[in-house]
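# Report on the structure
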Amino acid sequence: MSVQQNREKINHFVPETPLATANKTVHANVVHTKPFHYWLKQNRYYHQQVIKFYRFVIPEGSTVLQINAKNGYMLDAVKPLQGIGVEQNSACIQEAQQKYPHYSFYTSLDAVAQTQTVDYIILSLATMETYDIQELLVSIKPFCRPGTRIVVDTYNSLWEPILRLTQALGLRRPTVFSNWVSQNDLQNFLHLAGFETVTKGRYMLLPMYIPGLSALCNGLLVHIPLLRSLCLNEWIVARPIPAPSSESVTVSVIVPCRNEKGNVEQAVLRCPVMGKKTEIIFVEGHSADGTLDEIKRVCELYPERNVSWYVQDGKGKGDAVRKGFAKAQGDILMILDADLTAPPEELPKFFDALVSAKGEFINGSRLVYGMESQAMRFLNLLANFFFSQMFSWLLNQKVKDTLCGTKVLWARDYRNIVANRHFFGNFDPFGDFDLLFGAAKLNLKIVDMPVHYKNRVYGETQIRRFLHGWILLGMSFLALKKFKFR
């Protein structure tokens, strides 16, 4: 089916029914017409919770397209740089154009410029009101680029009797829902239309305000697994299934190092050349064993390897990584720990996974293959298991090893992480969580890459187990606050 044929089916987005078109309530054969802003006020708490969710998912300053935009309140709430709303209800769109003249509103997607792509597409209840879900999803593809995220928000079918009752009692806006599909079925529709689920979840156990109880239900109880299945709202964030990158890309390998003199030359010799060009950037951390002098020697000895060095301004691996990324020229950014316990020879696996679009943030995992006998102590292994479970739950994406130093992402995505770093603050002395939290906040597809974990052959570990364990626990509570109890 051609793009034009898909666009001609835009009338399926919001079906033309007496209820959807005229926004009329029918009770006992009496028709009552109420504007959309009446229902916003009537169910203020519910809409505040929905807005809270979308503000978390969509960063300010994004370009946003919303299908089923109603009077534009949600589009305005996410504060887009450019906002486009599609709404077939004439009363709603008139209200939207009057209240938000700085955004563009259309009665059909066909009127939106065909060459225009956006960062986010909001489908809040749109899949429930459309006649054909797959046609709806296919029809938005011309507005997607590889980095576009589709945010789909629907109601849990368990709530159907309650919603019908409240609608019959005049407590909520009359709406005809054509589809009550499960989250799994919706994921299948997305897959058939050429989209891949990045993350998913549920929110809002109690959609009305009761002092104390609403906060308890929607702030705490909502995170308990069995209770979470009873939530009113179900959501999915998806991305277009991308084609493998055919462009010639450059790579920057950042090697933060402190007291790693004996590993510097091996890091250069063993690091593969990837893409069009690979640069190696050492960021030295005020070593006491002559590491900086060794880096300078190796730079002169291997000029063909495009090696450069910097001395970090602050302390800690996180500060070194941030400085290295700031100096990097490559399209792809890689972190290689200078202890070489994660072999440099395995970096091409990360490169291939990124350019083939299997993921957008490739995270090394030391906990899949068997590791050498002295590679990780038992307490460290327990801590890694704990934090992997904790952060998989917090981030709504599977992360098997949060503390593996090898991480790879596109430079453009890192710039977006930096632009949104204020959400978490400059909190991470290690660098791992700054990147993981930032990637999850931007709904990047996180993929684990198993690596073979080797014994250290030079120097001593920089990890102070108990002190760093407490720091990591503190960061876990920060993530809990930001991701779950926001």
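Described in the following lines is the structure provided in the data block. (Residues numbered from 1 in each chain as written. Predicted model: local features only at pLDDT ≥ 70, side-chain atom pairs only at ≥ 80, totals over all residues. Heavy atoms only, no water.)

### Considerations on unusual backbone geometry
- The backbone phi angle of His-286 is positive, close to 65°, even though this residue is not glycine.
- By the element assignment, His-286 lies in the loop between strand E11 (277–284) and helix H14 (291–301). (Helix = DSSP H or I, 4+ residues; strand = E, 2+ residues; numbered from the N terminus.)

### Looking at H14
- Those residues of H14 not exposed but buried are Thr-291, Glu-294, Ile-295, Val-298 and Cys-299. Down the axis, H14 shows its buried residues gathered within 140° of arc, on one side only. The outward face of H14, more than 90 degrees from its buried face, is lined by the exposed residues Asp-293 and Glu-300.
- On its buried side, H14 packs onto strand E10 (250–257), helix H13 (264–270), E11 and strand E12 (307–311). (Buried < 20%, exposed > 50% of the residue type's maximum accessible area, 1.4 Å probe, protein only. Arc of directions from axis to C-beta. Contact = heavy atoms within 4.5 Å.)

### So, the sheet that holds strand E14 (residues 361–365)
- Across the sheet, seven strands lie side by side as E12-E11-E10-E13-E15-E14-E16; this open sheet has mixed pairing. Edge strands, defined here as strands with exactly one partner in the open sheet, are E12 and strand E16 (446–450). On average, adjacent strands in this sheet sit at an angle of 20° to one another, irrespective of strand direction.
- Contacts between H14 and the sheet are confined to E10, E11 and E12, with E12 contributing the most and set at about 155° to the helix.
- The strands that helix H16 (residues 347–355) touches are E10, strand E13 (332–335), E14, strand E15 (407–410) and E16; relative to E14, the one it contacts most, it runs at about 150°. (Pairing = 2+ DSSP bridges. Axes fitted to C-alpha atoms, helices over the stretch in contact; angles between N-to-C directions.)

### Thoughts on the environment of Met-74
- Among the secondary structure elements, Met-74 is positioned in helix H5 (residues 73–77).
- For Met-74, a relative accessible area of 2% translates into the label buried.
- Through-space distance from the C-alpha of Met-74 to that of Arg-55 is 9.2 Å; in sequence the pair is 19 residues apart.
- Setting aside residues up to four positions removed in sequence, Met-74 forms contacts with Val-50, Tyr-54, Gln-66, Ile-122 and Ser-124.

### A look at helix H19 (residues 432–441)
- A large share of H19 lies buried, amounting to ten of its ten residues.
- Within H19, the full set of buried residues consists of Asp-432, Phe-433, Asp-434, Leu-435, Leu-436, Phe-437, Gly-438, Ala-439, Ala-440 and Lys-441.
- Positive phi appears at Asn-443, one or two residues downstream of H19, with a value of about 60°.

### Focus on the nonpolar core
- Counting residues in hydrophobic clusters, the biggest one holds 71 residues, and the most contacted among them are Tyr-54 and Phe-325.
- Ranked by residue count, the leading element in this core is helix H4 (residues 44–57), at seven residues.
- If we ignore the near neighbours within four places in the chain, the residues touching Tyr-54 are Met-74, Val-78, Ile-122, Leu-123, Ser-124, Val-151 and Asp-153. (Core = buried A, V, L, I, M, F, W, Y, C linked by side-chain atoms within 4.5 Å.)

### Re empty space enclosed by the protein
- All told, the structure shown has four cavities of 30 Å³ or more when counted by the stated rule.
- Looking at the largest cavity, it is lined by ten residues, and the ones nearest its centre are Ile-417, Asn-420, Arg-421, Phe-424 and Gly-438.
- Contributing elements (two or more residues each) for the lining of the largest cavity: helix H18 (411–419) and H19.
- Looking at the lining of the largest cavity residue by residue, the classes come out as four nonpolar, three polar and three charged. (1 Å grid on protein atoms, 1.4 Å probe; cavity = no way out; pocket = protein on both sides within 12 Å on 5 of 7 lines; lining within 4 Å. Points joined across faces, edges and corners; volume = space filled by probe spheres on them. Nonpolar A, V, L, I, M, F, W, Y, C, P; charged D, E, K, R; others polar.)

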